[in-house]
Amino acid sequence: MLEAADIIVPDWPAPRGVKALFTTRLGGVSVGDFASLNLGAHVGDDPAAVVENRRRLRELLPVTPQWLNQIHGCAVHTIVDADVWASARTADAQLTSLSGFPCAVLVADCLPLLLCDSSGTNVAAAHAGWRGLAAGVIERTIESMPVASRDVIAWLGPAIGPSAFEVGRDVVDAFAKTDFESRRAFQPVAGSEDKYLADIFALARQRLAIAGVVQIYGGGECTVSAPDRFFSHRRDGRSGRMAAVIWRE
């Protein structure tokens with residue numbers, strides 16, 4: 001069973017009835033590069049270990065999450081009934097107004113974003129790496145929520161921090177072509193003309209603000225700099241995956 005120290009509970013003013021959590025790498029049975037709570041079935045870990053790790057997570061949830069096939073895009077899977085819940089899906093965000101159906105995404109440096117509205121009637125989870133952010137996964141998810149954006153509450157989970165996220169000029173240009181102000185989230189690397197340090201938290205906050213979201217919480221915890229607590233694909237290459245999960249009771 002997962003202990004309180006094995007998970008992060010978002011510190012945000014979610015309304016009563018909305019529950020959320022973010023797993024760390026702690027509390028599971030995987031070994032080696034995947035030690036210990038790897039929840040990704042696609043990274044080369046022992047399948048039996050992943051099954052047990054997911055079972056431990058399931059103990060905290062109303063039902064087992066239906067995991068997405070995440071492709072760093074901006075498609076949103078909206079769960080409107082049990083049949084849609086059970087269907088196969090390729091998307092980088094999940095959304096529902098149904099009770100008892102967790103929305104979940106897997107990450108290991110990409111930004112996990114959890115969303116709900118102030119009345120607690122809609123919840124969503126989004127996988128927001130730089131490609132997804134530039135493609136508009138935040139905007140698409142918020143547009144899919146049947147509420148005014150000012151009523152949306154957002155929480156940014158742990159992700160690669162601004163001192164570790166080195167990118168090329170192509171990444172800067174991918175954001176600047178639609179939002180010139182996004183350049184403020186990139187700092188040139190000393191001694192290099194084409195390398196920058198990217199602040200994925202700042203990029204997400206900019207996108208949320210442009211979309212009209214004013215209630216933004218979390219952000220700032222770096223997955224790369226905490227190897228005892230978080231998986232990191234950038235740091236380790238071969239890495240497990242953590243989960244951000246949100247649901248309505």
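Up top is the structure.
Report follows, based on the coordinates.

**A look at the overall build of the protein chain**
Then, in step 1: Secondary structure summary: the protein chain contains seven helices and 13 strands in total.
Then, in step 2: Against the globule reference of 18 Å for 249 residues, the protein chain gives a C-alpha radius of gyration of 17 Å, in line with a compact fold.
Then, in step 3: Principal-axis analysis of the C-alpha atoms places the extent of the protein chain at approximately 50 × 45 × 30 Å.
Then, in step 4: A total of 249 residues make up the protein chain; the buried ones form 54% of that total.
Then, in step 5: Sequence-distant contacts in the protein chain: of pairs separated by 6 or more residues, those separated by 24 or more amount to 65%.
Then, in step 6: Accessible surface computed for the protein chain: about 10600 Å², of which carbon and sulfur atoms make up 51%.
Then, in step 7: Averaging the coordinates of the 24 positive side-chain charges in the protein chain and doing the same for the 28 negative ones gives two points 1 Å apart.

**Points about the packing of aromatic side chains**
Then, in step 1: According to the stated counting rule, one finds two aromatic pairs in the structure shown.
Then, in step 2: With a centroid separation of 5.9 Å and 50 degrees between ring planes, the pair formed by Phe175 and Phe186 is classed as tilted. With a gap of 11 residues between them, Phe175 in helix α5 (residues 169-176) and Phe186 in strand β10 (residues 186-188) connect regions that are remote in the sequence. There is no split in this pair, since Phe175 and Phe186 are both buried.

**As for the sheet that holds strand β7 (residues 123-128)**
Then, in step 1: Strand order in the open sheet formed by six strands is β3-β4-β7-β6-β8-β12, with mixed pairing between adjacent strands. The open sheet has two edge strands with one neighbour each: β3 (76-79) and β12 (215-218). Between one strand axis and the next, the sheet turns by 20 degrees as a mean value, whatever way the strands run.
Then, in step 2: Judged from the five bridges that link them, strand β6 (residues 111-117) and strand β8 (residues 152-156) form a sheet pairing that is antiparallel. Each residue of the ladder has a partner; that of Leu115, found in β8, is Ala154.
Then, in step 3: This element, helix α4 (residues 137-144), spans β3, β4 (93-96), β6 and β7 of the sheet and lies at about 170 degrees to β7.

**A closer look at unusual backbone geometry**
Then, in step 1: Of note, the bond from Ala35 into Ser36 is cis; its omega dihedral lies within 30 degrees of zero at 0 degrees.
Then, in step 2: Summarising the element assignment, Ser36 is placed in the loop between β2 (18-23) and α1 (47-58).
Then, in step 3: For His72, which is not a glycine, the phi torsion comes out positive at approximately 60 degrees.
Then, in step 4: Mapped onto the elements of the fold, His72 is located in the loop between α1 and β3.
Then, in step 5: Overall, His72 belongs to the partly exposed group, its relative accessible area being 34%.
Then, in step 6: With phi around 130 degrees, Asp109 is a residue other than glycine that occupies positive phi space.

About the thresholds
Residues numbered from 1 in each chain as written. Predicted model: local features only at pLDDT ≥ 70, side-chain atom pairs only at ≥ 80, totals over all residues. Heavy atoms only, no water. Helix = DSSP H or I, 4+ residues; strand = E, 2+ residues; numbered from the N terminus. Rg over C-alpha atoms; globule rule 2.2 N^0.38 Å. Buried < 20%, exposed > 50% of the residue type's maximum accessible area, 1.4 Å probe, protein only. Contact = heavy atoms within 4.5 Å. Areas by Shrake-Rupley, 256 points an atom, 1.4 Å probe, with all protein chains shown as cover. Lys, Arg positive; Asp, Glu negative; His and termini not counted. Charge placed at Lys NZ, Arg CZ, Asp CG, Glu CD. Phe/Tyr/Trp six-rings, centres within 6.5 Å; stacked < 30°, edge-to-face > 60°. Pairing = 2+ DSSP bridges. Axes fitted to C-alpha atoms, helices over the stretch in contact; angles between N-to-C directions.

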